[in-house]
Amino acid sequence: MLNRLADLLRRVPAPPDATVGARFGRREIAVVALLIEAAQIDRASSADERDAVLSIVRERFGLDAEIARDLTAAARSQLDASLEDWVFAAAVRDGFTVTERAGILGLLWEVVYTDGRLAAFEESLMQRLARQLRVGEAASEAARASALDRDVAI
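Okay, so let's go over this structure. (Residues numbered from 1 in each chain as written. Predicted model: local features only at pLDDT ≥ 70, side-chain atom pairs only at ≥ 80, totals over all residues. Heavy atoms only, no water.)

### Quick look at the overall build of the chain
This is how the line gets drawn: In this text, helices come from DSSP runs of H or I with a minimum length of four residues, and strands from runs of E with a minimum of two, each type numbered from the N-terminal end. Residue exposure (1.4 Å probe, protein chains only): buried if accessible area is under 20% of the type maximum, exposed if over 50%, otherwise partly exposed. A contact between two residues is defined here by any heavy atoms of the two lying within 4.5 Å. For every accessible area listed, the method is Shrake-Rupley and the probe measures 1.4 Å; residues are considered covered only by the protein chains on display.
In terms of helices and strands, the chain carries 8 helices and 0 strands. Helices and strands in the chain line up, N terminus first, as α-α-α-α-α-α-α-α. Each of the 154 residues in the chain was classed as buried or not, and the buried ones make up 44%. Contacts spanning at least 24 positions in sequence make up 75% of the contacts within the chain whose residues lie at least 6 apart. Total accessible area on the chain is roughly 7700 Å²; 51% of this is exposed by carbon and sulfur atoms.

Okay, here's the thing in C-alpha cells:
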C-alpha cells in the first residue's frame, strides 16, 4: 500500500493551480502539510520531528533530497498561509482511497511518536484527522500500531 502511495506521489506534478501555485499538486502538498502539522502541533517541534518529516518525504515517497526539500518548503508555505488544516485533510480525503489514507495516517503517527512522547495536542490532532480522513477506528488503530512497529521510539 505504501508503495502504491509512493508511486502516486512520484508522478510528474500536476500543473500549478491557484490553490497551490507551485510545481507540486494539491495532494502532494496536502500530505506533507499534514506531516508538518503533526510535527509542530505540540508547539515543540524538535529537530528530530522536522527530520522525520523530511525523511518520510524523501524515503517513503522515493524523492531525491532536493525535491523532498522543495516539496516540504512548498507545503510549509501553504500551511503557514492557511488558517486551518482541514483544507489539507479534505484534499487527502478526496485524493486517496481509504486504504491509502490509513497509510498516510500511519506516517502521521510516525512523526508524532518521533520525539518519544504523545502530547495531548498530538493525540487530539490524530483523532480529529482520523475522523476528517474518514479512516475508521480499527484502521486508525492499525495505522498507529504499524507506526509503533516501525521501531519508532516512544
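### A look at helix α3 (residues 47-60)
To keep things clear, this is the line we draw: By definition here, a helix of n residues has an expected span of 1.5 Å times n minus one. Arc definition: directions from the helix axis to the C-beta atoms.
Its 14 residues give α3 an end-to-end C-alpha distance of 19 Å, which sits within 8% of 20 Å, the value for a rise of 1.5 Å per residue. Among the residues making up α3, those that are buried are Glu49, Ala52, Val53, Ile56 and Val57. Considered in projection along α3, the buried side chains sweep an arc of 125° and stay on one side of the axis. In this structure, the buried side of α3 is in contact with α2 (26-40), α4 (65-81), α6 (98-113) and α7 (120-132). A positive backbone phi angle near 65° is found at Gly62, which sits one or two residues after α3.

### What about the side chain of Asp85?
Our working rule: In the analysis that follows, any N or O atom pair within 3.5 Å is treated as a polar contact, provided that within protein one partner can donate a hydrogen and the other can accept it, and provided that, for residues neighboring in sequence, both atoms belong to side chains.
Relative to the assigned elements, Asp85 resides in the loop between α4 and α5 (86-95). For Asp85, a relative accessible area of 5% gives the class buried. Here the side chain of Asp85 touches Arg128 through a polar contact of 2.7 Å, side chain to side chain. Discounting chain neighbours no more than four positions away, the residues touching Asp85 are Leu34, Glu37, Leu125, Arg128 and Gln132.

### Some points on the nonpolar core
Threshold: Throughout this description, the term nonpolar core refers to a set of buried Ala, Val, Leu, Ile, Met, Phe, Trp, Tyr and Cys residues connected via side-chain atoms within 4.5 Å.
Counting 44 residues, the largest nonpolar core has Leu35, Val57, Phe61, Val92, Leu105, Leu108 and Trp109 as the members making the most contacts within it. Residue assignment for this core shows that the elements contributing at least two residues are α2, α3, α4, α5, α6, α7 and α8 (137-149). Considering every element that reaches this core, the biggest residue donor is α2, with 10 residues. For Val57, the residues in contact, after removing those within four places along its chain, are Val32, Leu35, Gly62, Leu63, Ala68, Leu71 and Thr72.

### Regarding the pattern of salt bridges
Going by this rule: Salt bridge, as used here, is a side-chain nitrogen of Lys or Arg placed within 4 Å of a carboxyl oxygen of Asp or Glu.
One pass over the full model with this rule turns up 5 salt bridges. In this structure, Asp94 engages Arg93 in a salt bridge whose closest nitrogen and oxygen atoms are separated by 3.7 Å. Judged by its relative accessible area of 21%, Arg93 falls in the partly exposed class. Arg144 is the partner of Glu141 in a salt bridge, and the nearest nitrogen-oxygen pair spans 4.0 Å. Taken together, the positions of Glu141 and Arg144, both in helix α8 and 3 residues apart, correspond to about one turn of that helix. Among the residues examined, Arg144 registers a relative accessible area of 18% and is labelled buried.

### Some words on the packing of aromatic side chains
The condition that has to hold: The criterion for an aromatic pair is that two Phe, Tyr or Trp rings (for Trp, the six-membered ring) have centres within 6.5 Å, with stacked assigned to planes under 30 degrees apart, edge-to-face to planes over 60 apart and tilted to the rest. In this scheme, Lys NZ or Arg CZ marks a charge over a ring once it lies within 6 Å of the ring centre and within 35 degrees of the ring normal.
Considering all chains together, one arrives at 1 aromatic pair under this definition. Each ring, one from Trp109 and one from Tyr113, has its centre 5.4 Å from the other, and the planes form 20°; the classification is stacked. Here Tyr113 and Trp109 lie together in helix α6, a separation of 4 residues that amounts to about one turn. For the pair Trp109 and Tyr113, one class covers both residues: buried. In this structure, Arg27 is placed above the aromatic ring of Phe96, and the distance from its NZ or CZ to the ring centre is 4.3 Å.

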